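Each chain, letter by letter, is given below.
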Amino acid sequence: MDLSLTLYRKLYLIRSVEQYIVKHYPENEMKCPMHMSMGQEAVSVGVCHALHPEDQVFGTYRSHAAFLAKTGNLDKFFGEIYGRVTGTAQGKSGSMHVASPEEGYMGSSGVVGNCIPVAVGTAFANKYKKNGQIACVFFGDGALDTGVFWESLNIAGLMKLPVLFVVEDNGYAVNTPVCMRQAFKDITDIAIKFGCNTWKANTTDVESIFMTARDAIKTIEITGKPSLLHLKCYRYLEHVGIGTDFDIRSKEEFVEWYKRDCVTLQRNKLLRFGFTEANIQEVEALTDKQIES
């Protein structure tokens, strides 16, 4: 029950942070472009919660969920997107390049697939130092179209490196669907041939993702081989910005995914577990107060 509440608190934090951005972005005080994670929060929360505190995380330009799931550091996050010296890079890098290495979030990049080889190099260093740490890298299905992904997968499998590849498959590279980009049907079938342990899931249940990620991490520790998680998800907003893109993607597609919204799903689960509405609202109010502060 404690796990369920902790995961909900993280989901609610990330969702509320992005709702704050949507509300205040038109004020033009946040100068950087925003690639919103809304709808995909369960992937970052489930995986990051399964990692050990000392493990290292790398993200993409859609960085908000992974950064907050790993660090929970609102001061650094808002400082960066508001261009303040209190930010992760003193306000100079913006939303796409947040980093806090001292908290285990090593960095994000605006270049598709750019952090994948860096994470693999970090995994090599961890193996060399025998420190037991795992490097985890998040990337979208669009990164599967890049050569650097295949090179990284190959060397990680060949050298048996402790790296966790997390494919956040929201079905689109900007606005181009998977069916127009990839000849293969299942990345997990291919990754196995590169000596990689694989898992796949099509769920918005954060607890299910957490348990899958925990299994993948444990398998890295036991076998020494890399693991790949192929997790289906869906972003609610446009590729970049705070609006929608129903002129490009169908609204029906959004509606079907929203029926399984990860935040609502976990909140309803808490109610079934015996938490009262007042209990949950207290947690939400505290989070809202932290964000406003």
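Residues numbered from 1 in each chain as written. Predicted model: local features only at pLDDT ≥ 70, side-chain atom pairs only at ≥ 80, totals over all residues. Heavy atoms only, no water.

Sorry if this is basic, but what is going on with the pairing of strand 3 (residues 135–140) here?
Strand residues, when the strand is regular, have side chains that alternate between the two faces of the sheet. Counting buried positions along strand 3 gives five out of six residues, so the element sits mostly inside the fold. Where strand 1 (residues 56–59) and strand 3 come together, three bridges link them in parallel fashion. Paired with Val57 across the strands is Cys136, a residue of strand 3. Relative to strand 4 (residues 163–169), strand 3 runs parallel, the two sharing six bridges. Paired with Phe138 across the strands is Val166, a residue of strand 4. (Buried < 20%, exposed > 50% of the residue type's maximum accessible area, 1.4 Å probe, protein only. Helix = DSSP H or I, 4+ residues; strand = E, 2+ residues; numbered from the N terminus. Pairing = 2+ DSSP bridges.)

Teacher, can you tell me more about the sheet that holds strand 3 here?
Hydrogen bonding along the main chain pairs the strands of a sheet, whether they run parallel or antiparallel. What the six strands build is an open sheet, ordered 2-1-3-4-8-7; its pairing is parallel. Either end of the sheet is taken by a strand with one partner, and the two such strands are strand 2 (105–108) and strand 7 (197–201). On average, each strand axis in the sheet is tilted by 15 degrees relative to the strand beside it, whichever way the strands run. The pairing of strand 4 with strand 8 (residues 227–232) spans six bridges and is parallel. Its bridge partner being in strand 8, Phe165 is matched across the sheet by Leu228. (Axes fitted to C-alpha atoms, helices over the stretch in contact; angles between N-to-C directions.)

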